[in-house]
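Residue-level listing of the chains:
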Amino acid sequence: MKQQTNKFRKALALLCCAVILPACTNEKKSFITGNVDFAVGQTKLMLQATGDPTGNNYPRTMKNNGRLSTTNMYDWTPGFFPGSLWFLYELTNDTLWRHEAEKWTHSLEPLKTFTGHHDLGFMMYCSYGNALRLAPKPGYADIIIRSAESLTTRFDERTQAIKSWNGGKNWDGVIWYYPVIVDNMMNLEMLFAATRLSGDRRFSDIAVTHANTTMKNHIREDYSTYHVIDFDTITGAAANKATAQGFSDNSTWARGQAWMIYGFTMMYRETLDTTYLDTAVGLADFYLAHLPEDLIPVWDFNAGEEGYVPGKNSNAVRIQEKPRDTSAAAIVCSALFELQNYAPDKSYHDYAVKMLHSLASPNYRAQLGENANFLIKHCVGSIPHNAEIDKPLVYADYYFLEALTRYKNSSLK
Ligand code: GLY
């Protein structure tokens, strides 16, 4: 009897391997193919709408009339569209996408000497970083090193941090002297690349110093985060803990938390320092504990709650609303595909897959030809600024495609 039971178990295990696992693999394959096909069709329409890069036509969002809204290259987001084109090349191996990605990437070269704000990492590494990874050309390395030099002009020994925005009167009347925002963690990846490419350790040393300052000042005990810390330029101390895009100074803005999860996961990859891994895990666990069932966060985890007081000039009409922010979801989804490689808790992969399916569902993914030809709907740019609410955003598409690529490359189902 026992022998027969064992035989039955073995047969069942074989059946699982032969039938169920391939079925899962096929499910994964068709999910990826379906999304890639959609992204290819939608992005071809986007390219028809933009024409060739002019320096002024980087896709960003959708206007209220449904038409495409673009920026010039000096805004913080021009690197994402070239980056998305690189992911399409990686996902399809079709040289059409390489040609387009090269065109849009090369158009950003003048930014290598730009020092006007901290977003050089987004601008130059989502574009040239992917270019170097997928189709290296002479000159790319120098452009990345030069961009890293520009970014590090914003580092100061007193504050031990890279200044995010220039000081002065903030949009709601508050004066900031040395604002450093959680988003800045994302710019550090380019500094590690610059050290690898140049042999100059100054870049990665600055990245580590900045990350340590962020870890000390922006993260609360429960691993929630402040958006902005304003530093005293004389003593270097954290003088003011605030928000610019969140609900309240002491709330947790969902996209800020997303940048931090991604940023500290990257810090662990680059340094293998387990303090960063523990930090990434703490930040991710806080985020996951605050999600609704479909895993797409409300734009700020404390929006409308008692004890969280919106800034005096916050957009009073809409600040109490609770729209979801798919851009935060896409960033975290991509980050968790990486974090699961390092963290012992394998549920991060399952969360990432569920998030990707949620983003790709009809609730959040556009139909061909709608959404001004962006892929993902229902993002939130900034509620306090009354800007880009319930709209597509180019960076949601970028991280959605990166997540799709990471899922495709993962050996897990
Ligand atoms: N880095 C700006 C934002 O996330 O809106």
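Counting secondary structure elements, the chain contains twelve helices and eleven strands. Since a compact globule built from 413 residues should have a radius of gyration of about 22 Å, the 22 Å found for the chain is in line with a globular shape. Referenced to the eigenvectors of the C-alpha coordinate spread, the extents of the chain come out at roughly 80 × 50 × 50 Å. In the chain, buried positions account for 57% of the 413 residues. Long-range contacts, defined as pairs at least 24 residues apart, comprise 68% of the intrachain contacts of the chain with a sequence gap of at least 6.

Moving on: the layout of surface pockets. Taken as a whole, the largest pocket spans an internal volume of roughly 550 Å³. Glu 189, Tyr 262, Arg 269, Glu 402 and Arg 406 are the residues nearest the centre of the largest pocket, which is lined by 27 residues in total. Breaking the lining of the largest pocket down by element, the ones donating at least two residues are helix H2 (80-92), helix H4 (120-134), helix H6 (188-198), helix H8 (254-271), helix H10 (326-342) and helix H12 (394-409). At seven residues, H4 tops the list of elements feeding residues into the lining of the largest pocket. Residues that form the lining of the largest pocket fall into these classes: ten nonpolar, ten polar and seven charged. Looking at the second largest pocket, its volume works out to about 440 Å³. Secondary structure elements with two or more residues in the lining of the second largest pocket: H8, strand E10 (379-382) and strand E11 (387-391). For the lining of the second largest pocket, the per-class residue count stands at nine nonpolar, nine polar and six charged.

A few words on the packing of aromatic side chains. A full pass over the atoms with the stated rule returns 27 aromatic pairs. Their ring planes at 50 degrees and their centres at 5.5 Å tell us that Tyr 74 and Phe 114 sit as a pair that is tilted. Of this pair, Tyr 74 sits in the loop between strand E2 (68-71) and H2 while Phe 114 sits in the loop between helix H3 (95-106) and H4; the two residues are 40 residues apart in sequence, bridging distant segments of the chain. According to the relative accessible area criterion, Phe 114 is buried, its value standing at 15%. Put simply, the rings of Trp 76, Phe 80, Phe 87, Phe 122, Trp 259, Tyr 262, Tyr 395, Tyr 398 and Tyr 399 pair up and form one aromatic cluster.

Another point: empty space enclosed by the protein. For the structure shown, the criterion picks out one cavity of 30 Å³ or more. Looking at the largest cavity, its volume works out to about 80 Å³. As for the largest cavity, its lining consists of Thr 43, Met 46, Phe 81, Ser 84, Asn 373, Phe 374, Leu 375, Val 394, Asp 397 and Leu 401. Of all elements in the fold, only helix H1 (2-50), H2 and H12 reach the threshold of two or more residues within the lining of the largest cavity. No other element matches H12, which puts three residues into the lining of the largest cavity. Here the lining of the largest cavity is composed, by residue class, of six nonpolar, three polar and one charged.

By nearness alone, every residue bordering the ligand is listed as Trp 76, Asp 183, Gln 245, Trp 253, Arg 255, Trp 259 and Tyr 395. Between Arg 255 and the ligand, the recorded distance is 2.6 Å, taken from a side-chain N or O atom to an oxygen atom. Within the side chain of Trp 259, a nitrogen or oxygen atom sits 2.9 Å from an oxygen atom of the ligand. Across the complex, the protein chains shield 92% of the 200 Å² of accessible surface that the ligand would expose by itself. When each cavity is represented as a set of grid points, the ligand is found to reside in the second largest pocket. Of the residues belonging to the shell around the ligand, the class tally is four nonpolar, one polar and two charged.

Time to look at the pairing of E11. Pairing geometry for E10 and E11, over three bridges, is antiparallel. Opposite Ser 382, over in E11, you have Ala 387 as the bridge partner. Counting the residues between successive antiparallel strands, the hairpin from E10 to E11 contains four residues, one of them, Asn 386, with a positive phi of roughly 55 degrees.

Tracing the backbone shows Asn 371 in the loop between helix H11 (347-359) and E10. Engagement of the side chain of Asn 371 in a polar contact is seen with the backbone oxygen of Ile 376, the distance being 3.1 Å.

A few words now on the environment of Arg 406. Along the chain, Arg 406 turns up in helix H12. Taking C-alpha positions, Arg 406 is 23 Å from Arg 196, a pair spaced 210 residues apart along the chain. Those residues in contact with Arg 406 that lie beyond four places of it in its chain are Tyr 262, Arg 269, Ser 334, Ala 335, Phe 337 and Glu 338.

For soluble globular proteins, nonpolar side chains are generally found buried alongside one another. Residues Phe 264, Tyr 287 and Tyr 399 are the most contacted members of the largest nonpolar core, which totals 125 residues. When near neighbours in sequence (up to four residues on either side) are disregarded, Tyr 399 contacts Phe 80, Phe 122, Cys 126, Met 186, Trp 259, Tyr 262, Ala 330, Ile 331 and Ser 334. Counting six residues, the second-largest nonpolar core is a separate cluster that includes Ala 161, Tyr 178, Val 180 and Tyr 226.

Further remarks concern the pairing of strand E9 (residues 238-242). Looking at chain direction, strand E8 (residues 228-231) and E9 are connected through four bridges and run antiparallel. Bridge pairing in E9 links Val 228 to Ala 242. Hairpin connection between E8 and E9: a loop of six residues separates the two successive antiparallel strands, and Gly 236 in this loop has a positive phi of roughly 80 degrees.

The next subject is the pattern of salt bridges. According to the stated counting rule, one finds 20 salt bridges in the structure shown. For Arg 60, the salt bridge identified is with Glu 388, shortest N-O distance 3.0 Å. Residue Arg 60 is located in strand E1 (residues 58-62), and its partner Glu 388 is located in strand E11; the two are separated by 328 residues in the primary sequence. Neither Arg 60 nor Glu 388 differs from the other in exposure class; each is buried. Linking Glu 100 and Lys 103 is a salt bridge whose minimum nitrogen-to-oxygen distance equals 3.3 Å. Highlighted residues: Glu 100 and Lys 103, both in helix H3, separated by three residues, approximately one helical turn. Judged by its relative accessible area of 32%, Lys 103 is partly exposed. Connected through shared salt-bridge partners, Glu 189, Arg 196, Arg 269, Glu 270, Glu 338, Glu 402 and Arg 406 make up one network.

Rules of the game
- Residues numbered from 1 in each chain as written.
- Predicted model: local features only at pLDDT ≥ 70, side-chain atom pairs only at ≥ 80, totals over all residues.
- Heavy atoms only, no water.
- Helix = DSSP H or I, 4+ residues; strand = E, 2+ residues; numbered from the N terminus.
- Rg over C-alpha atoms; globule rule 2.2 N^0.38 Å.
- Buried < 20%, exposed > 50% of the residue type's maximum accessible area, 1.4 Å probe, protein only.
- Contact = heavy atoms within 4.5 Å.
- 1 Å grid on protein atoms, 1.4 Å probe; cavity = no way out; pocket = protein on both sides within 12 Å on 5 of 7 lines; lining within 4 Å.
- Points joined across faces, edges and corners; volume = space filled by probe spheres on them.
- Nonpolar A, V, L, I, M, F, W, Y, C, P; charged D, E, K, R; others polar.
- Phe/Tyr/Trp six-rings, centres within 6.5 Å; stacked < 30°, edge-to-face > 60°.
- Near = heavy atom within 4 Å.
- Polar contact = N/O pair within 3.5 Å; in protein donor to acceptor, adjacent residues only side chain to side chain.
- Areas by Shrake-Rupley, 256 points an atom, 1.4 Å probe, with all protein chains shown as cover.
- Sits in = over half its atoms within 2 Å of the grid points.
- Pairing = 2+ DSSP bridges.
- Core = buried A, V, L, I, M, F, W, Y, C linked by side-chain atoms within 4.5 Å.
- Salt bridge = Lys/Arg side-chain N within 4 Å of Asp/Glu carboxyl O.

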